[in-house]
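Listed below are the residues making up each chain.
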Amino acid sequence: MKGLLSDIQRFSTRDGPGIRTTVFLKGCPLRCPWCHNRETWEQRPSLLYYEKDCVLCGACAAACPAGAQRVDGKRHRFDRALCLRCGACAESCPTGALEMRGEWIEASALVERLLRDRDYYEESGGGVTFSGGEALLQLGFVKECLALLRAEKVHTCLDTSGWGGRAAELCGLVDLYLWDVKHTDAALHERLTGVPLPPILQSLREVDARGGSTRLRCPIIPTVNDTQAHIEGIAHIANNLRHVQAVDLIPYHDLGLPKASALGEEAPRFAYLTEEKRGELLGRLKALTAVPCGWL
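Residues numbered from 1 in each chain as written. Predicted model: local features only at pLDDT ≥ 70, side-chain atom pairs only at ≥ 80, totals over all residues. Heavy atoms only, no water.

> What am I meant to see in the pattern of salt bridges here?
Side-chain pairs of opposite charge can arise whenever the charged atoms involved come near each other. Within the structure shown, the criterion is met by 22 salt bridges. A salt bridge links Arg284 to Glu232, with the shortest nitrogen-to-oxygen separation between them at 3.2 Å. Remark: Glu232 occurs in helix α8 (residues 228-239) and Arg284 occurs in helix α10 (residues 275-288); sequence separation between them is 52 residues. Under the relative-accessibility criterion, Arg284 is labelled partly exposed at 31%. One network of salt bridges, in which partners are shared, links Asp15, Asp159, Asp180, Lys182 and Arg217. (Salt bridge = Lys/Arg side-chain N within 4 Å of Asp/Glu carboxyl O. Helix = DSSP H or I, 4+ residues; strand = E, 2+ residues; numbered from the N terminus. Buried < 20%, exposed > 50% of the residue type's maximum accessible area, 1.4 Å probe, protein only.)

This is the structure:
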């Protein structure tokens, strides 16, 4: 079975234990305003244009079969409505100003590539993490990859929002679920992400009932969910799971803004959390649960 990748990040240390390779898959049904991986939203190849890296050489215009790329004097023009997403312009670009995200690959070929770093996994207690986008949107592909990695005794993580209600089908293949909790207020969750919260929590309970180990990963966004009520909601979820390892609070960062711009989109910028606020929220969380917790 083939899957559509956005990127493969080697030597990752923030997506599970040890040194890991993180596989970012294309496609996500959620639309979190603070998302730093907007290039993964569409389940098809995406073309990014980084203006700061463009030297106006015109190679892209010469390569583009649809006329979507033009250089007029000292300005580059990209007509996305004409773009075929063929990648010819990105292949010709000498500076990387144009970048294609979207590679179709067979599960066996991907696993073969991932196993090249097996020594690092074994020495560090690491492995492979499937992320996105939303990895569960390509459930069949991910399941095949996980089974192949399980046969090779490679530790696996699944970074997921819990969308789709089928995460428990991967129990026995996933060593650790990294479960993203966007908001604990159902109405606000649906308003912010576009998907309902109850099915996500039900799926989490099903994973827990089957013995699946989880770490809750909770992005904390100023003016969105940096509230005592949300922290209490996180603690309530953690306290009702039997196999939760820890709660990771993740502070907002704006690293996704350049990628949003490169996609021709606008994304909101949020403030950074102050150290005082971070201490306050973590202190409250620790007071409410015995589950290990901290900032990631």
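> Honestly, the pairing of strand β3 (residues 46-49) in this entry has me stumped. Any pointers?
Regular strands have side chains that alternate between both faces of the sheet. Of the two faces of β3, the one holding Ser46 and Leu48 and the one holding Leu47 and Tyr49 are both buried throughout. Sheet topology places β3 next to strand β6 (residues 98-101); four bridges connect them, and they run antiparallel. Across the sheet, residue Ser46 finds its bridge partner in β6, namely Arg101. (Pairing = 2+ DSSP bridges.)

> Quick question: what am I supposed to make of the packing of aromatic side chains here?
Each aromatic ring pair is described using two quantities: the centre-to-centre distance and the angle formed by the ring planes. Scanning the model with the defined rule gives four aromatic pairs in all. Ring geometry for Phe11 against Tyr120: centres 4.9 Å apart, planes inclined by 85 degrees, an arrangement best described as edge-to-face. You can see Phe11 sitting in strand β1 (residues 2-12) and its partner Tyr120 sitting in helix α4 (residues 118-124), a full 109 residues away along the chain. A relative accessible area of 41% means that Phe11 is categorised as partly exposed. By relative accessible area, which is 38% here, Tyr120 ends up partly exposed. Judged by centre distance (6.1 Å) and plane angle (50 degrees), the rings of Tyr177 and Trp179 are tilted. (Phe/Tyr/Trp six-rings, centres within 6.5 Å; stacked < 30°, edge-to-face > 60°.)

> Even after reading the chapter, I still don't get the layout of surface pockets, so can you show me in this structure?
With a probe scaled to a water molecule rolled over the atoms, the places where space remains empty come into view. Here the largest pocket is characterised by a volume of approximately 970 Å³. In terms of lining residues, the largest pocket is bounded by 39 residues, among which Phe24, His36, Asn37, Arg217 and His253 are the most central. Of all the secondary-structure elements, those providing two or more residues to the lining of the largest pocket are β1, β9 (155-160), β11 (214-220) and β12 (244-251). A total of four residues in the lining of the largest pocket trace back to one element, the largest contributor, which is β1. Taken together, the residues of the lining of the largest pocket break down into 14 nonpolar, 14 polar and eleven charged. Counted as a void, the second largest pocket has a volume near 340 Å³. Taken together, 13 residues form the lining of the second largest pocket, with Tyr49, Tyr50, Glu51, Ser261 and Ala262 sitting closest to its centre. If you list the elements that add at least two residues to the lining of the second largest pocket, you get β5 (75-78) and α9 (257-262). Top element by residues in the lining of the second largest pocket is β5. It accounts for four residues. (1 Å grid on protein atoms, 1.4 Å probe; cavity = no way out; pocket = protein on both sides within 12 Å on 5 of 7 lines; lining within 4 Å. Points joined across faces, edges and corners; volume = space filled by probe spheres on them. Nonpolar A, V, L, I, M, F, W, Y, C, P; charged D, E, K, R; others polar.)

> Even after reading the chapter, I still don't get the sheet that holds strand β13 (residues 293-295), so can you show me in this structure?
Overall, mixed pairing links the nine strands, which are arranged β7-β1-β2-β8-β9-β10-β11-β12-β13 in an open sheet. Each edge of the open sheet carries a strand with a single partner, namely β7 (103-106) and β13. Between one strand and the next, the sheet's axes are offset by a mean angle of 30 degrees, whatever the strand orientation. Two strands pair when backbone bridges link them, and β1 and β7 are joined in this way by four bridges, in the antiparallel orientation. Across the sheet, Leu5 pairs through a bridge with Glu103, a residue of β7. With respect to the sheet, helix α3 (residues 107-114) is in contact with β1, β2 (20-25), β7 and β8 (127-131), its orientation differing from that of β7 by roughly 90 degrees. (Axes fitted to C-alpha atoms, helices over the stretch in contact; angles between N-to-C directions. Contact = heavy atoms within 4.5 Å.)

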